[in-house]
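# Per-entry structural report
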Amino acid sequence: MTSDIQAAFVQAQQDAQALPKKPGNDVMLRLYALYKQGSGGDAGSERPGGFDFVGAAKYGAWDALRGKSTEDAQREYAELVRSLQARS
């Protein structure tokens with residue numbers, strides 16, 4: 001089962017790169033956070049500071065998923081990409 005989830009996650013990464021229309025910023029942050037959680041687990045303790053607003057937004061989105069399992073994040077990522085493909 002896990003290998004099926006991982007295969008879907010890898011395919012979704014390729015599919016996300018090929019989306020004909022770039023999603024909005026909120027969806028892009030969700031994709032980023034699910035990707036990072038699905039590939040690396042919980043966010044580290046080093047939050048970007050200062051004037052790195054984009055980095056801080058990305059970190060915040062990723063950190064909001066703290067505790068979500070790698071498999072759940074991979075599954076949600078693949079589902080989100082599929083839904084974006086269906087809208088195109």
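Look up a bit, the structure's there.
Summarised in this report is the structure supplied together with it. (Residues numbered from 1 in each chain as written. Predicted model: local features only at pLDDT ≥ 70, side-chain atom pairs only at ≥ 80, totals over all residues. Heavy atoms only, no water.)

### Examining the packing of helix H2 (residues 25-40) against helix H3 (residues 53-63)
As a packed pair, H2 and H3 sit with axes 8 Å apart at the nearest point and diverge in direction by 60°. The angle between H2 and H3 places the two elements in the oblique class. The crossing of H2 and H3 is right-handed. On H3, the residues that touch Leu29, Tyr32, Ala33, Lys36 and Gln37 of H2 are Ala57, Lys58, Ala61 and Trp62. (Axes fitted to C-alpha atoms, helices over the stretch in contact; angles between N-to-C directions. Helix = DSSP H or I, 4+ residues; strand = E, 2+ residues; numbered from the N terminus. Parallel < 35°, antiparallel > 145°, perpendicular 65-115°, else oblique. Left-handed = near helix turned anticlockwise from the far one by under 90°. Contact = heavy atoms within 4.5 Å.)

### Regarding the nonpolar core
Of all hydrophobic cores here, the largest spans 19 residues; its most connected members are Leu31, Leu34, Tyr77, Leu80, Val81 and Leu84. Put simply, the parts of the chain that give this core at least two residues each are helix H1 (2-17), H2, H3 and helix H4 (70-87). When residues in this core are grouped by element, the largest group, six residues, is from H4. (Core = buried A, V, L, I, M, F, W, Y, C linked by side-chain atoms within 4.5 Å. Buried < 20%, exposed > 50% of the residue type's maximum accessible area, 1.4 Å probe, protein only.)

### Some thoughts on the packing of aromatic side chains
Counted under the stated rule, the structure contains four aromatic pairs. Judged by centre distance (6.2 Å) and plane angle (55°), the ring pair of Tyr35 and Tyr77 falls under tilted. Of this pair, Tyr35 sits in helix H2 while Tyr77 sits in helix H4, and the two are 42 residues apart along the sequence. Its relative accessible area of 6% is what places Tyr77 among the buried residues. (Phe/Tyr/Trp six-rings, centres within 6.5 Å; stacked < 30°, edge-to-face > 60°.)

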